[in-house]
Amino acid sequence: MGVGVSACKGLVHPNSSASDPNSGEERELSTVTRLPFLSTFEDRPPFKPSETLSDKDTSLLKALTHHRTPFAVVQTDSPDLNLIYASGGCVAGLGMPAENIEGSSLAGVLKKGIKMQDEDVSRLEAAVRAKEDLSLVVQGSTGKRNSKKVPYTQFFVTAVTDDAGKALYTFVSLQPVAGPEAEPSQTMPYRFRRAWTCLKPSSVWSLFTPYKTLCEADAGLVKALQDRREMFCITDPDLYDNPIIFVSDDFVDMTGYNREEINGINCRFLQGEMTSTEDVDVIRYGVREETDMRVCLLNYRKNGTAFLNQFNLSPLRDTTGKLAFFIGVQIEVEDAEVMPFPTTRQTLQEMLLDEEEKDFWDEAELAPAQESAMASMSSETPTQGGDQNAAERSSAQSGDKSVAESKTTMDPQSGELESKQTDAKGASPPPE
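As the structure is a prediction and not an experimental result, all values here were calculated from the model.

Colleague: How should I be thinking about the environment of Pro189 in this particular structure?
Modeller: Looking at the element boundaries, Pro189 is found in helix α6 (residues 188-198). When the C-alpha atoms of Pro189 and Thr158 are compared, they prove to be 7.8 Å apart, with 31 residues separating the residues in sequence. Among residues more than four places away in sequence, those in contact with Pro189 are Leu60, Leu64, Phe156 and Ser173.

Given below as structure tokens:
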């Protein structure tokens with residue numbers, strides 16, 4: 001699967017003006033939070049804390065601001081939990097002027113803005129005072145006025161501290177949702193918090209520290225890629241929209257995006273006007289079937305320049321064999337022909353093995369289900385005489401797979417969010 005000519009061939013620089021790195025023009029970012037139910041709003045000046053925030057909360061604030069997430073800032077130690085800042089999205093969602101929000105109590109604003117019930121207000125206030133993370137879906141719309149399709153609002157509460165751990169503020173994000181079953185990972189603060197736990201800065205380069213225990217083989221795969229300073233990203237399919245939870249330093253350097261712009265969103269932000277939908281379908285197949293795949297597709301840096309990305313996807317599994325993450329390795333190439341290595345895993349084998357002792361190419365096998373994937377998407381006749389073992393593995397893996405979503409619980413001792421799996425039958429699919 002993915003062997004042959006990419007649909008993006010010849011389109012590396014479809015627009016010379018957009019491809020000029022010295023033009024000073026950045027891409028029209030597709031990373032802005034998409035809230036189709038929210039009224040159009042104008043951005044307000046960003047929140048400027050009077051005290052220095054911890055690194056993780058400074059990054060969170062940058063992410064919320066960049067993604068235009070509707071949120072308010074609560075003065076945690078004030079008796080009435082007064083609001084001291086409201087973003088443009090928050091003002092639009094509550095339908096109140098900013099001057100009527102800032103300086104008022106949290107309870108008063110919520111009751112007036114969305115007619116929030118006393119019981120729900122009390123739960124939100126209790127989480128703020130306890131400095132606990134909380135996802136809460138309540139009746140009351142922050143969506144477009146006179147809209148009957150979004151009668152609920154999802155809040156996410158998270159405490160903000162200084163370097164010493166002292167709680168300074170509480171960020172309260174809000175967004176209109178269609179039903180009470182909305183998952184915590186649908187909120188940007190939750191996804192960004194999860195991503196932050198994976199980042200372990202070092203004096204040399206950033207390291208991935210997963211919050212799920214990987215099997216020995218996959219833990220070794222990640223370590224080897226990090227040791228070799230490869231460019232890669234890792235996503236969590238258990239979270240809403242399969243967002244990025246870690247990117248290597250080389251990924252940041254090559255694309256031009258910083259972690260506040262990347263963490264918590266889907267990898268599709270690298271796509272652009274000339275990215276082939278056929279190439280994207282290959283990636284979707286690999287995610288859906290939880291299998292290794294490779295494809296060469298056109299992506300775009302932050303400054304608008306296009307580049308050919310030799311993309312290799314592999315599932316990462318935990319100690320029980322269950323899917324934990326996906327890892328995507330990117331290699332910038334000059335020719336759209338797919339490079340002649342089968343998968344991320346086998347590429348790694350080539351890196352690690354002494355080529356004088358073992359001829360990697362003679363013993364490498366195609367990834368499971370690759371030929372059947374090509375047949376299903378292009379309706380072309382599969383290559384005859386392929387590896388029989390690979391075909392058998394493809395057949396064994398073609399059964400239905402259940403869809404899982406992330407539920408959130410609170411550890412009573414640490415106060416940290418934990419993720420567990422539940423069947424998600426009937427849950428709405430994430431937007432493309």
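Colleague: Whenever I open this one, the packing of helix α1 (residues 55-66) against α6 confuses me. Can you help?
Modeller: Packed helices, taken two at a time, are described by their axes: the angle between them and the distance between them. Two numbers describe how α1 lies on α6: the axes approach to 10 Å, and their chain directions differ by 140°. Taken together, the axes of α1 and α6 lie oblique to each other. When you trace α1 past α6, the crossing you get is right-handed. Contact with α1, carried on its side by Asp55, Lys56, Asp57, Ser59, Leu60, Ala63 and Leu64, involves Met188, Pro189, Phe192, Arg193 and Trp196 of α6 and no other residues of that element. A class-by-class count of the residues in the contact of α1 with α6 yields seven nonpolar, one polar and four charged.

Colleague: Sorry, what's going on with the pairing of strand β10 (residues 293-300) here?
Modeller: Look at any regular strand and the pattern is simple: side chains alternate between the two faces of the sheet. Most of β10 is tucked away, with eight of its eight residues classed as buried. Of the two faces of β10, the one holding Met293, Val295, Leu297 and Asn299 and the one holding Arg294, Cys296, Leu298 and Tyr300 are both buried throughout. Relative to strand β11 (residues 306-317), β10 is paired through eight bridges, and the arrangement is antiparallel. Across the sheet, the residue bridging to Met293 is Leu313, located in β11. Taken together, β10 and the strand that follows it, β11, pair antiparallel across an intervening segment of five residues, in which Gly304 is found at a positive phi of about 95°.

Colleague: In this structure, what is going on with the side chain of Asp133? I would like to understand it.
Modeller: Mapped onto the elements of the fold, Asp133 is located in the loop between α5 (118-130) and β3 (134-139). No salt bridge is formed by the buried Asp133; its nearest oppositely charged neighbour, Arg193, is found at 4.7 Å. In this structure the side chain of Asp133 is engaged in a polar contact, spanning 2.9 Å, whose partner is the side chain of Thr158.

Colleague: When you look at the pattern of salt bridges in this model, what are you seeing that I'm missing?
Modeller: Pairs may arise between side chains of opposite charge once their charged atoms sit close together. Inspection of every chain in the model, using the stated rule, returns 17 salt bridges. A salt bridge links Lys56 to Asp57; its shortest N-O distance comes to 3.5 Å. Three or more residues are tied together by salt bridges with common partners; here these are Lys56, Asp57 and Arg193.

Colleague: Could you clarify how one ought to interpret the sheet that holds β11 in this entry?
Modeller: Pairing between the strands of a sheet is mediated by backbone hydrogen bonds and can be parallel or antiparallel. An order of β9-β8-β12-β11-β10 is seen for the five strands of this open sheet, with the pairing classed as antiparallel. Strands with a single pairing partner mark the edges of an open sheet, and in this sheet they are β9 (244-247) and β10. Averaged over all neighbouring strand pairs, the angle between strand axes comes to 30°, with direction disregarded. In this structure, β11 lies alongside strand β12 (residues 323-333), joined through 10 bridges in antiparallel fashion. Looking at β12, one finds that Leu316 is bridged to Phe325. Here helix α7 (residues 216-227) sits on the sheet and contacts β8 (232-235), β9, β11 and β12; the angle it forms with β11, its principal contact strand, is near 150°. Lying over the sheet, helix α10 (residues 277-289) contacts β10, β11 and β12, oriented at roughly 135° with respect to β10.

Colleague: What is the right way to read unusual backbone geometry from this model?
Modeller: Phi angles above zero are rare outside glycine, and Lys131 is one such case at about 60°. In this fold, Lys131 is placed in the loop between α5 and β3.

About the cut-offs
- Residues numbered from 1 in each chain as written.
- Predicted model: local features only at pLDDT ≥ 70, side-chain atom pairs only at ≥ 80, totals over all residues.
- Heavy atoms only, no water.
- Helix = DSSP H or I, 4+ residues; strand = E, 2+ residues; numbered from the N terminus.
- Contact = heavy atoms within 4.5 Å.
- Axes fitted to C-alpha atoms, helices over the stretch in contact; angles between N-to-C directions.
- Parallel < 35°, antiparallel > 145°, perpendicular 65-115°, else oblique.
- Left-handed = near helix turned anticlockwise from the far one by under 90°.
- Nonpolar A, V, L, I, M, F, W, Y, C, P; charged D, E, K, R; others polar.
- Buried < 20%, exposed > 50% of the residue type's maximum accessible area, 1.4 Å probe, protein only.
- Pairing = 2+ DSSP bridges.
- Lys, Arg positive; Asp, Glu negative; His and termini not counted.
- Salt bridge = Lys/Arg side-chain N within 4 Å of Asp/Glu carboxyl O.
- Polar contact = N/O pair within 3.5 Å; in protein donor to acceptor, adjacent residues only side chain to side chain.

Everything listed here is a matter of coordinates, which is why it stays silent on function.
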